[in-house]
Amino acid sequence: MPAAFSPDLLDALIDDLARQGWSQQRHALSAAQIAALADECRARHARGELQHATIGRAATQTLDAQVRGDHIQWLERGRSTVTDAYLEVLDNLRETLNRTLYLGLEDYESHFALYPPGSFYHRHLDRFRDDDRRMVTTILYLNEDWRAEDGGALQLELGEGRSTRILPEAGTLVVFMAGDFPHEVLLAQRERLSITGWFRRRGVGMLG
Ligand code: OGA
Ligand code: MN
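Below is a short write-up of the structure.

**Topic: the sheet that holds strand β10 (residues 183–185)**
Consideration 1: What the 4 strands build is an open sheet, ordered β5-β10-β7-β8; its pairing is antiparallel. Bordering the open sheet on either side are β5 (121–124) and β8 (162–166), each of which pairs with just one other strand. Taken pair by pair, the neighbouring strands of this sheet meet at an average axis angle of 15°, ignoring direction.
Consideration 2: One ladder, built from 3 bridges, connects strand β7 (residues 154–159) with β10; its direction is antiparallel. Across the sheet, residue L154 finds its bridge partner in β10, namely V185.

Have a look at this one:
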């Protein structure tokens, strides 16, 4: 995997973020790179490493399949070559966002997500009430040949009653300001894989 997204993609993404706070880019990585990430996600799921996602943070965490039905595993460095390479690409994006948009992003947390057929994630914001460090959301989709009838679109509310639906097609990258865009995952008819992550700022008045 190259160590960064292409210069053209980065230019377009920064332009979109500066203008409208969100961006959708197709073919962010090669088909082979996406397939390797999808294989890694499926292998980890087969080993039972993905867990039912929870809602909220630490003490307030609850498990509620009525709200979100995905299974996740947080990415850690040193677990696989392909995820390490992806984290390097995202670290380069973090530096680019800091250099061009002065966002002061300090780190990146991310997880594989697998939505079994019949699952969804209700409308929500990616910033927690008790933790506003998440500044920018990134989602990379890993699903080859996704069709509209497979469902599972990301519905992103753009304000003023407008919204857009993005299909989770392999290689599509979505980036948006985490506190500004309510969104939901519509019911998926087939297994739906992604890597979701957040660039974070240092907390004000908090440790770490
Ligand atoms: C999330 C989320 C959207 C998607 O994990 O917070 O909103 O399209 N994911 O996977
Ligand atoms: Mn979300």
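**Description of unusual backbone geometry**
Consideration 1: Positive phi is not limited to glycine here, since D145 has a value of about 55°.
Consideration 2: Summarising the element assignment, D145 is placed in the loop between β6 (134–141) and β7.
Consideration 3: Relative accessible area serves as the criterion here: at 59%, D145 is assigned to the exposed category.
Consideration 4: One non-glycine residue, E160, lies in the positive phi region at around 55°.
Consideration 5: When you line up the elements, E160 lands in the loop between β7 and β8.
Consideration 6: For E160, a relative accessible area of 79% puts it in the exposed group.

Cut-offs used in this document
Residues numbered from 1 in each chain as written. Chains lettered and ligands numbered in written order. Predicted model: local features only at pLDDT ≥ 70, side-chain atom pairs only at ≥ 80, totals over all residues. Heavy atoms only, no water. Pairing = 2+ DSSP bridges. Helix = DSSP H or I, 4+ residues; strand = E, 2+ residues; numbered from the N terminus. Axes fitted to C-alpha atoms, helices over the stretch in contact; angles between N-to-C directions. Buried < 20%, exposed > 50% of the residue type's maximum accessible area, 1.4 Å probe, protein only.

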